[in-house]
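Chain by chain, the residues:
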Number of protein chains: 2
Amino acid sequence: MSTTTSSTGVTAPLGFRAAGTTAGLKASGKPDLALVVNDGPRHDAAVVLTSNRVQAAPVKWTRQALSDGRCDAVVLNSGGANACTGAPGFVDTHATAEAVATALGVGAADVAVCSTGLIGERLPMDRLLAGVTAAAAALDGSGAQGGADAATAIMTTDTVSKQAVAHAPSGAAWTVGGMAKGAGMLAPGLATMLVVLTTDAVAEPAVLDAALRAATRVTFDRVDSDGCMSTNDTVLLMASGASGVEAAAEELQQAVTAVCADLARQLVADAEGASHDIAVEVVGAATEDDAVTVARAVTRSNLFKAAVFGNDPNWGRVLAAVGTTDAAFDPDALDVSFNGVQVCRAGGVGDPREGVDLTPREVRIVVDLHAGPATATVWTNDLTHDYVHENSAYSS
Amino acid sequence: MSTTTSSTGVTAPLGFRAAGTTAGLKASGKPDLALVVNDGPRHDAAVVLTSNRVQAAPVKWTRQALSDGRCDAVVLNSGGANACTGAPGFVDTHATAEAVATALGVGAADVAVCSTGLIGERLPMDRLLAGVTAAAAALDGSGAQGGADAATAIMTTDTVSKQAVAHAPSGAAWTVGGMAKGAGMLAPGLATMLVVLTTDAVAEPAVLDAALRAATRVTFDRVDSDGCMSTNDTVLLMASGASGVEAAAEELQQAVTAVCADLARQLVADAEGASHDIAVEVVGAATEDDAVTVARAVTRSNLFKAAVFGNDPNWGRVLAAVGTTDAAFDPDALDVSFNGVQVCRAGGVGDPREGVDLTPREVRIVVDLHAGPATATVWTNDLTHDYVHENSAYSS
């Protein structure tokens, strides 16, 4: 196995190889095919898939493939989502998994498949299958570079690749690594994002599944770039057991959450056309559900998001969004602050809005419901000319 | 009473006078205060108010004032929403109603108040009260022009004033007239819109209330320009009984619905920054609720709306939005057409998207769920650079 000590992504944990290559699926000629292989000795895995009822062929395939908690490899392509392509599209996904299985000497039912790109078009299978062969050949000796190449090959409108790594909180000898793509269409129930997480900890599928669901609930599920939900979202966690150390469930969850949080913040920071990263923190909520509901209502307000783009601390639009929810609160008790300045106090005018500086990219809105002890934060972006431009000109 | 035969708005029915004037609430110096008076002989009324829990002072006042089913006059101002202004804001609304009552010789508790404009700022009451006096003085001899003046004085970012009229379907001698403002922040549960409807039919408050709720449910509640809900929405229906003819409940509902539908379409056609008016029609739904849910999900997709701005018949984004709902449908049975071209058939690729012409302002999307007989249409607009510009530069 190649050395992976310098990798900051999926090849950081022991037992994983990765590669990224150019199959020719993108008109731009940029890399578009990635492969991540778990060399074991164990092949435990868990997955969280989009909750959209319109699901791409690779999502349907991967749900089936992961149902036994085993995954030997995942193949990911950009340049085409293979969504809304009917039975022929599913046959294409199956053929892709078979090609990976043949190249690696594993079973096709243990190969996950992820796709991202335009909906409603068949993939050019001749190029894709040739790309699988090339990616498999590139695995050997790829080392740390393989993880970086894979992270690059899954990019669509992303401007930078996203990788993250976390070590066991206790200092135990295992690691969690990850990579992600996604730059727009980010939403709860997961975004147009593909995420592959790896660990060399020893962990049963049920432990992995619990850790992954707990992690995505407070990270990717709380990123809401534009309220849109994708047909292809996949977050896959594979465990090789190559460290020989069994992870405590709680510790594994912490490390997986740390990697997911890191990747989620990278997704927000690279969202299509955004000029501000906005954290909407709701405090004083009766329940965590209430806090999430209120935060989500604010992050989905186009009027609020456009105001932030214009550096306008428009707290009236925040209150208007809060008021659409059924969370517990008294409208006359609401406080709102923009970057530390409490512009709304007790449902009315607070400190002067002129005191708020919204020129930094990072914006923090705090809404205090004064209704209990619970809190939650949802991240979003501002609504900009570039968002409109990218999403009216880029057919995805 | 002045002649009203040529009015196309609130003064079209017998028994109403109206005026619009400039109180100086707007920096632009444009008209900003309107008065509509019901001279009777009857003063029955009904109102539908925003379902936002953060409610402006005039909304709280008007709910109270209308609780007995009587309304003698309504005063409306643009240039300030009087929302999130606490107890002092409510005192301002009360003082406004008292001023109208004094000028007209009616009870303050029978005067409705509506405000629109910036949230979180007190109104300049000296100017507003002087404006009330001026508006009351302008009522006499205002005739048909009074209705038009009132419709102009309630505009904010509206580029044109909105009026509508409908006659009794049976030919009975009564009429329904109306005016509206609202150009953005349009959403279900009503929009940032103020609507005043008048009729000279004889009708009890309960009959008016039933007609108004039935009408708004299928008109204003199905306009969703940007998913945002206002703190000030008000739709008021006043009946003078001046025709002496009692309206059949069913007929009254039809005429009120016709006026509401006309005004709703005018609101969409004048939405902030829009370059397309989009009707999303869902057919083949199991229930009307399902049809509305699916249509609303599509009309709230920023990605879909940006695609229409770019004249891109991106049916994948329609399917992705449909898939977020819990409506009854089989994803593999969905059909989608853009302006009559069925670009998606049975959940997959249909006719070539090149056949779709999205250059006209009017766009009609039809989604067939193939799950039942129910149907519904929701109207929205595209997401444009001008929308972002207006809502990042205009603090409202």
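A quick note: this is a predicted structure, and the numbers were derived from the prediction, not measured. (Residues numbered from 1 in each chain as written. Chains lettered and ligands numbered in written order. Predicted model: local features only at pLDDT ≥ 70, side-chain atom pairs only at ≥ 80, totals over all residues. Heavy atoms only, no water.)

Quick word on the interface of chain A and chain B
How big an interface is tends to be expressed through the accessible area that disappears when the partners come together.
Here comes step 1: Taken residue by residue, the interface counts 51 residues in chain A and 51 residues in chain B.
Here comes step 2: Here chain A packs against chain B, burying approximately 4100 Å² in sum over the two surfaces, 56% of which is carbon and sulfur.
Here comes step 3: For the interface between chain A and chain B, the tally reads 2 salt bridges.
Here comes step 4: Residues D332 of chain A and K60 of chain B are paired through a salt bridge, measuring 4.0 Å at the closest nitrogen-oxygen approach.
Here comes step 5: Taken together, the connections running from chain A to chain B amount to 12 residue pairs in polar contact (both at pLDDT 80 or more).
Here comes step 6: Put simply, the parts of the chain that give the side of chain A that touches chain B at least two residues each are α8 (302-309), α9 (315-322), β13 (348-349) and α10 (385-393) of chain A.
Here comes step 7: At 6 residues, α10 of chain A tops the list of elements feeding residues into the side of chain A that touches chain B.
Here comes step 8: Partitioned by chemical class, the residues of the side of chain A that touches chain B number 22 nonpolar, 21 polar and 8 charged. (Contact = heavy atoms within 4.5 Å. Buried area = accessible area lost by both parts, 1.4 Å probe. Salt bridge = Lys/Arg side-chain N within 4 Å of Asp/Glu carboxyl O. Polar contact = N/O pair within 3.5 Å; in protein donor to acceptor, adjacent residues only side chain to side chain. Helix = DSSP H or I, 4+ residues; strand = E, 2+ residues; numbered from the N terminus. Nonpolar A, V, L, I, M, F, W, Y, C, P; charged D, E, K, R; others polar.)

Some words on the pattern of salt bridges
Here comes step 1: Enumeration over the complete set of coordinates arrives at 36 salt bridges over all chains.
Here comes step 2: The residue R361 of chain A makes a salt bridge to D277 of chain A at a minimum N-O spacing of 3.0 Å. Of the two residues, R361 of chain A is situated in the loop between β13 and β14 (362-368) and D277 of chain A in strand β10 (residues 277-285); the sequence distance between them amounts to 84 residues.
Here comes step 3: Look at D277 of chain A and you get buried, because its relative accessible area is 3%.
Here comes step 4: The partner of E362 of chain B in a salt bridge is R265 of chain B, and the shortest N-O contact between them spans 3.0 Å. In this pair, E362 of chain B sits in strand β14 (residues 362-368) while R265 of chain B sits in helix α6 (residues 249-269), placing the two residues 97 residues apart along the sequence.
Here comes step 5: When salt bridges with common partners are traced through the structure, they connect R17, D39 and D140 of chain A into a single cluster. (Buried < 20%, exposed > 50% of the residue type's maximum accessible area, 1.4 Å probe, protein only.)

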